[in-house]
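Inside the fold
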Amino acid sequence: MDNALPPADELVLVDRELAQLDARRSQLLARRAWLLQALRPVAAASRPAPPHPVADSTPRSAQNVLLTLGGVLLTVAAVAFTLVSWGSMGIGGRAAVLFVVTSAALAGPVALLRRGLGSTAESVAALGMALMVLDAYAVHRVALTGTDALAYTAVASAVLAGAWTAYGSALGRLRIPLPTAVVAAQLPLPLGVLAADGGPLALAWAALATAVLDLAVVVRLNPAAAAVRTTACVGAGALGGWALLTGARLSLSSPVPAGALLLACAAVALGLAWRVAGVAVAASAVAGLATVVAAGGALRAVVPGDWVVPGYVLCAVALAAVLRSAAPRAVKLGLSGAGAGVLAVGVVWALPPAVVALVTPVARTTEVWSGEHAARYLTSYPSTAPLVLLLATAALAPVPRLWARGGALFLAWATLTALPLSLDLPYTATLSVQFLTTAAALYAAVRPGALTRRVPMPVPGPVADRPADGTGVGLTVGETRPGVATTGTVGADAEPTGAGAEAGGPEPAPGTGADAPGGSGAAWEGWRPDGAAAAAPSRAVSPAMPPREVLAWSGLGCGLASAASATALALDTRAATFTTLGLLLGLFTAVAFLADGARRAVGACAAVVAATGLVLAGAAASESADHHTALALLAVPAATAAIGARLRRHPVAPPVEIAGAVAGLLSLSLAASRPAVLALVLALGGVIAAATAVRPERRVLASWTAAGLFLLAAWVRLAVWDVETPEAYTLPVTVPALVVGVLRRRRDPEASSWAAYGPGLAATLVPSLVAAWADPHWTRPLLLGAAALVVTLLGARFRLQALLVLGGAVLALDALHELAPYVVQVVGALPRWLPPALAGVLLLAVGATYEQRLRDARRLRERLGRMR
């Protein structure tokens, strides 16, 4: 089919396309001209215009090097003249030289600037300022020799700072005088205090006052004067930091005067944070630290030594209350960060008793059930450590963030763990507190709803679909959103209900709303501080684990650690062991029934471990031997198998049965010293596995396990009876394997005979063949040959390759073993030339019928290949 246009129509179409291209080209050319016009003013503005058409206005690097070297050489010459040649001149000559040289050096930049020689003017001005310092030194050496050096230096630095400020202000185009004046202004007050023999506190006050003046310069000066502002910032930071560190050091010995200095530093830093937004967080953090150190130092003077750290921590907690004030957000962030830092240091100080109390029972130094208790460590550690942990818990608990609630949970658990050691409680009270700690942590694992109250919850879906300002990142109570299903109770402080609650799946999540200040644009911002996620890039994410699950798993981990420590501690006495294991069995059973998701399985496994411990403790109490304990321990896998049959396909059933199987392995290790008892334990284990195999969902694995256990039991029993016949060990494997192979071939006639019958036959034929070759009697080879002949005939009859090959190979090797002695006798009776002759005749016969033999070999191979 020809779809070509007529020439006239095609010409119209081509003209129309060309017109459109011309129009588009004109549009792009116009846009290009506009862009070039717009870029020209920007390029012109980016190039600084010289004030005068003089080449010196933009100094080259070589010119700067030359000017700098010249200024340095002149300065060195002036210093040498002042120090060496000064004494050879009279007072008039000295004054004339000082006046002329300094005046010329200071007046020179005026003329140089008029001519546009800015770099040269800078070098000459620097020379003049250096000469002014030398003039001040010369005046002290000649006219004011009796004046105190420090006092004179303070006054001279103040005069020089003022003079240089006036000089730099008058010649505004010079860049050196004003920063140099700021540097000189750092000296008068500290040097004046040193001249007056002021102590460290007075010197710190002088440094703080100088820093305040520097900050005033920074705040009030025009931002264009970057060099002056930078110099003042450096001076303020150095002197202010020195004053702050001095106040912190003096607060240990003189808390009241040092506290006043620290509060003054805090006021200065807080004022800077309020005025300058760029350093608000850092300055307010410094203010917070200074306030905490001042208040803590005041408390340090009136409280005992053990209460010093709690005093500082209490001040840090009080500082956290600034979050509820109306201060700017950056200021609140810095102050709360300072309080959090002090609180973190206090927590680190208070954690060693908790760690020691948790670990010490595990590292036993006494015999089990001896009634003796291990020596306690850290007995001289301050007993107020739990109070610090409690204060930290109280500070974190109200914060509606996941990291805060998780930290509060951990600190509360650490408080209870450290309490017996810090208070030096007796053994019974210590064990009771550890059990209560375990119960409280497991309750948090079962019912974490109270911990997640007002904590922001995740909302599924991409972040890009949410408002850019971070509001509405979740659902508040009672609110619905298209595409987000809410089933059951919706709320951060409510337990989950509905289909997802039982399975431990994800829950409907409340939003930040009014309950969680500072929403963010993340999929869920429970891990982040307020607004930290607002700047995060928009991307589609899905929450890995909701806050409820995180807190629940944290509680479960703390509970397991406390349970292990309590169990180790209970081993000191027999009654405590039985009581603790029984109570833990009840607790973990409750967790298995009441928890959600995988925590049920963990609780169930822990309950099985506790039950195993009870059985072992009972056997030890009755002074049973190990092999008797092994028989008693089989009650645990039997009970778990019964529980699994009751639970059937419940997710908790597999972990419980696996834990019971581990207990069964322990019983095998205990019975290994008595082979007869080991055979009995294996047989009983096979019975348990066989009973489990009745269930459809466990049939495959349990049936093979039962068969293996029964086989091992039979082998061990035969070894106990000193049975050395290999068929007694192999036939129990061969018969079931052949039965399984027959059943498989009935179900799948296409199955290979090697897979169905090969393993079973090889399990008996191969060991029997090895034994027959080493057996001097005729009975075993005869029976083996008969069995191999039957197997070969069955393979030929039913066309089964595995039976034919295995039976034929074993039959041939067995016949070779039996005929070998007679063959040797016959060969020995024949003449020696006859064997080579027979071999030659055989080769000739094969060569003559070579093609026929090849066809026979191929035919045999094809027949074997067609067999299954």
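Residues numbered from 1 in each chain as written. Predicted model: local features only at pLDDT ≥ 70, side-chain atom pairs only at ≥ 80, totals over all residues. Heavy atoms only, no water.

Observations regarding the overall build of the chain
The helix and strand inventory of the chain stands at 31 helices and zero strands. Here the chain holds 868 residues, and the buried ones make up 36% of them. A separation threshold of at least 6 residues defines the contact pool for the chain, and within that pool the share at least 24 residues apart is 68%. In the form shown here, the chain has an accessible surface area of approximately 47,000 Å², with 70% of it arising from carbon and sulfur atoms. (Helix = DSSP H or I, 4+ residues; strand = E, 2+ residues; numbered from the N terminus. Buried < 20%, exposed > 50% of the residue type's maximum accessible area, 1.4 Å probe, protein only. Contact = heavy atoms within 4.5 Å. Areas by Shrake-Rupley, 256 points an atom, 1.4 Å probe, with all protein chains shown as cover.)

Digging into the pattern of salt bridges
Charged atoms that come close allow side chains of opposite charge to pair. Per the stated rule, a full pass over the model turns up 10 salt bridges. Its salt-bridge partner being Arg 376, residue Asp 424 comes within 3.3 Å of it at the nearest N-O pair. Separated by 48 residues along the polypeptide, Asp 424 in the loop between α15 (402-423) and α16 (427-446) and Arg 376 in the loop between α13 (329-359) and α14 (385-396) bring together distant segments of the chain. Here Asp 424 falls in the exposed class, since its relative accessible area comes to 54%. Here Asp 596 and Arg 548 are joined by a salt bridge, their closest N and O atoms 3.1 Å apart. With Asp 596 in the loop between α19 (574-594) and α20 (598-621) and Arg 548 in helix α18 (residues 547-570), this residue pair connects regions lying 48 residues apart in the sequence. Considered together, Asp 596 and Arg 548 belong to a single accessibility category, that of buried residues. It is possible to trace a salt-bridge network through shared partners that takes in Arg 548, Glu 549, Asp 596 and Arg 599. (Salt bridge = Lys/Arg side-chain N within 4 Å of Asp/Glu carboxyl O.)

So, the environment of Gly 305
Looking at where Gly 305 falls in the secondary structure, it is placed in the loop between α11 (280-300) and α12 (308-319). For Gly 305, a relative accessible area of 63% translates into the label exposed. In this structure, the C-alpha to C-alpha distance between Gly 305 and Pro 382, residues 77 residues apart in sequence, is 8.4 Å.

Points about unusual backbone geometry
Even without glycine at this site, Arg 454 takes up a positive phi of about 70°. Here Arg 454 lies in the loop between α16 and α17 (499-503). Phi angles above zero are rare outside glycine, and Asp 722 is one such case at about 60°.

Here's the deal with the nonpolar core
The nonpolar side chains of a soluble globular protein tend to be buried, and buried together. By size, the foremost hydrophobic cluster in this structure holds 31 residues, and its most contacted members are Leu 208, Ala 243, Val 292 and Leu 335. Only α8 (200-220), α9 (226-250), α10 (255-275), α11, α12 and α13 provide two or more residues apiece to this core. Top contributing element to this core by residue count: α10, with seven residues. With residues near it in sequence (within four places) discarded, Leu 335 still touches Leu 270, Ser 284, Ala 285, Ala 287, Gly 288, Leu 319 and Val 322. Of all hydrophobic cores here, the second largest spans 23 residues; its members include Val 608, Leu 634, Leu 682 and Ala 689. (Core = buried A, V, L, I, M, F, W, Y, C linked by side-chain atoms within 4.5 Å.)

Observations regarding the environment of Val 615
Here Val 615 lies in helix α20. Residue Val 615 is classed as partly exposed on the basis of its relative accessible area, which comes to 22%. In this structure the C-alpha to C-alpha distance between Val 615 and Val 636, which are 21 residues apart in sequence, comes to 8.2 Å. Contact partners of Val 615, with chain neighbours within four places excluded, come to Ala 632, Leu 633 and Val 636.

Some points on helix α25 (residues 699-720)
Its 22 residues place the ends of α25 31 Å apart at the C-alpha level, agreeing with the 32 Å of an ideal helix rising 1.5 Å per residue. When we look at burial in α25, the residues that qualify are Ala 702, Ala 706, Leu 709, Leu 711, Ala 713, Val 716 and Leu 718. Those residues of α25 hidden inside the fold are in contact with α24 (675-692) and α26 (726-747). In the segment just after α25, Asp 722 is the residue with positive phi, at about 60°. (Expected span 1.5 Å × (residues − 1).)

With respect to a nonpolar patch on the surface
Taken together, the side chains of Leu 731, Val 735, Val 739 and Leu 743 define a hydrophobic patch exposed on the protein surface, amounting to about 340 Å² of accessible area. Topologically, Val 739 is positioned in helix α26. (Patch = residues over 30% accessible without salt bridge, like charges linked within 9 Å, V, L, I, M, F, W, Y side chains within 5 Å.)

Points about the packing of aromatic side chains
This model, assessed by the stated rule, comprises three aromatic pairs. Aromatic pair Phe 410 and Trp 413: ring centres 5.8 Å apart, planes at 40°, arrangement tilted. Here Trp 413 and Phe 410 lie together in helix α15, a separation of three residues that amounts to about one turn. You can call Phe 410 partly exposed: its relative accessible area is 36%. (Phe/Tyr/Trp six-rings, centres within 6.5 Å; stacked < 30°, edge-to-face > 60°.)

Section: the environment of Leu 113
Looking at the element boundaries, Leu 113 is found in helix α3 (residues 91-114). In this structure, Leu 113 is in contact with Gly 118, Ala 121, Leu 171, Arg 173 and Leu 174, ignoring residues within four places of it in sequence.

Thoughts on the packing of helix α23 (residues 653-671) against α24
Axis separation between α23 and α24 bottoms out at 9 Å; the angle between their running directions is 165°. With respect to α24, the axis of α23 lies roughly antiparallel. In the packing of α23 onto α24, the handedness of the crossing is left-handed. Across from Glu 657, Ser 667, Leu 668 and Ala 671 in α23, the residues of α24 making contact are Val 677, Leu 678, Val 681, Leu 682 and Thr 692. Partitioning the contact of α23 with α24 into residue classes produces six nonpolar, two polar and one charged. (Axes fitted to C-alpha atoms, helices over the stretch in contact; angles between N-to-C directions. Parallel < 35°, antiparallel > 145°, perpendicular 65-115°, else oblique. Left-handed = near helix turned anticlockwise from the far one by under 90°. Nonpolar A, V, L, I, M, F, W, Y, C, P; charged D, E, K, R; others polar.)

Notes on the confidence of the model for the chain
Here the chain averages 80 in pLDDT, while 79% of its residues score no lower than 70. Mean pLDDT across the elements of the chain ranges from a minimum in α17, with 35, to a maximum in α16, with 95. Confidence drops under a pLDDT of 50 for residues 461-543, and excluding neighbours within four residues, the segment shows 138 contacts in the predicted structure. (pLDDT = per-residue confidence, 0-100.)

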